[in-house]
Amino acid sequence: MLEPADDVVPRLRVVTRELPPMDDVLAYTTPYDPLFWSRRGESLAAFGDLLTLRYTGAQPGDATISERWRAIAAAASVDDPVQLPGSGLVAFGSFVFDPESERENVLRVPGMIVGRHSGRAWVTRLAFDDTPDEPEPELPPRSPFGPHWSATLGPGRQTAEKYQDAVRQAIEAIGRREVGKVVLARDITGTIPAGSDLRRLVRSLLEGYPDCWVFAVDGLIGASPETLVTVSNGTVSARVLAGTVARGGDADADVAAAIGLTRSTKDQDEHRFAVQSVLKALGPHTSSLAAEDQPFTLKLPNVWHLATDVEGVLSEDASSLDLLGVLHPTAAVAGTPTPAAMDVIRRLEPFDRGRYAGAVGWTAASGDGEWAIALRCAQIDRSAPSSPTAPITAYAGAGIVADSVPESELLETRVKFRPIVEALA
């Protein structure tokens, strides 16, 4: 793995070749450090660390990251007759929620990628330009899955009681007009057996949440329902989620829950804040931008969300990384006004969120890419030498507005924890 100095632009050679169609690519990434991205069966699985960029105190739109990637892409030699989203030169990224976080932002270029999209499949080999010529890239061997495992989880630093107290303090801050909305998270922590095949967790999320963005990047693994931004051939799109209710226990209760969500003033207000945040951020970078007048209800296995799709045409040569810089953090995961909401979060959350609620996804040499907000996820860190376990932390949050009820917001976090907790069971 190379971590180049900032004044050195490595020259990469990238070759993509089409493969016969395949149903599943997860077995082509590594058990201990999977690099993976998937939604509705369209997937990228990668292994090997060719080139890794790591930064602290920076955000994805900063020149230290986006301009660095632009220079690397411009210097690369890319042979890609497939020309599908995710073929050719690709880097996987995971970025922190708060620029004051002590955890690193990471952009990783692997040595090999196996992908599938629109019923087609391909393999991409990535190497440094001075590497001796190799034969045409071929499908690597599949890595067999290790044994099943489960996590041991318990309360984190923000216990249920402390979380409800933090919600009350947030409501007071809203009453003082410090903020209009703030999103507060809580954590659960635990361990998993050292050496666990982390693809088992990815597989469980794929099976349970196929309509979500299922990801694994640098130990951050989850299934997010929320698109932060997608850039493809000059078109930009995003999906805003804000306003949540648990699914009903039977068909009638489920319908009533969805109807209740659409009629909830509190949830509609929270959603409006989030949509306006995205429109305001994307407006200066688009020649046209549209969003539905009213949100729709998005059904997931455990919750209903209020959702709004936003789509526009880029008015400048902006990459997906550039747009991450203007979008993140959205009101859906921070609050509004954002700077004031970030201050409240730092004051009321007793932990560093790390890359939870940050951006996770991939970018191509062209600047196109797919990025989600890192939700319904857990951060798994490397085990200490000779330790039988590795640490894991999961997070879930809720949007707090003036008429929020602490007990209800706590319940919402429990519902949002369910996908990752059940997958870890």
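Reading the values: the criteria
Residues numbered from 1 in each chain as written. Predicted model: local features only at pLDDT ≥ 70, side-chain atom pairs only at ≥ 80, totals over all residues. Heavy atoms only, no water. Salt bridge = Lys/Arg side-chain N within 4 Å of Asp/Glu carboxyl O. Helix = DSSP H or I, 4+ residues; strand = E, 2+ residues; numbered from the N terminus. Buried < 20%, exposed > 50% of the residue type's maximum accessible area, 1.4 Å probe, protein only. Phe/Tyr/Trp six-rings, centres within 6.5 Å; stacked < 30°, edge-to-face > 60°. Lys NZ or Arg CZ within 6 Å of the ring centre and 35° of its normal. Polar contact = N/O pair within 3.5 Å; in protein donor to acceptor, adjacent residues only side chain to side chain. Contact = heavy atoms within 4.5 Å.

1. A closer look at the pattern of salt bridges
So, point 1. This structure, assessed with the given rule, holds 31 salt bridges.
So, point 2. The partner of D218 in a salt bridge is R54, and the shortest N-O contact between them spans 3.2 Å. Of this pair, D218 sits in the loop between β10 (213–217) and β11 (220–224) while R54 sits in strand β3 (residues 42–55); the two residues are 164 residues apart in sequence, bridging distant segments of the chain.
So, point 3. A relative accessible area of 15% places D218 in the buried class.
So, point 4. Its relative accessible area of 26% is what places R54 among the partly exposed residues.
So, point 5. Put simply, D33, D49, R54, E104, R108, D218, R355 and R382 are held in one network by salt bridges that share partners.

2. Details of the packing of aromatic side chains
So, point 1. Going through the model one piece at a time under the given rule, you end up with 4 aromatic pairs.
So, point 2. Joined through ring pairs, the aromatic side chains of F351, Y356 and Y395 make up one cluster.
So, point 3. Over the ring of W213 we find R39; its NZ or CZ atom is 4.8 Å from the centre of that ring.
So, point 4. Cation over ring: R353 sits above F97, and NZ or CZ is 4.2 Å from the ring centre.

3. A short note on the side chain of H305
So, point 1. Positionally, H305 belongs in strand β16 (residues 303–314).
So, point 2. At a separation of 2.7 Å, a polar atom in the side chain of H305 contacts the side chain of R376.
So, point 3. Those residues in contact with H305, other than ones at most four positions away along the chain, are P225, L241, G243, T244, L261, F296, T297, L298, L300, R376 and K416.

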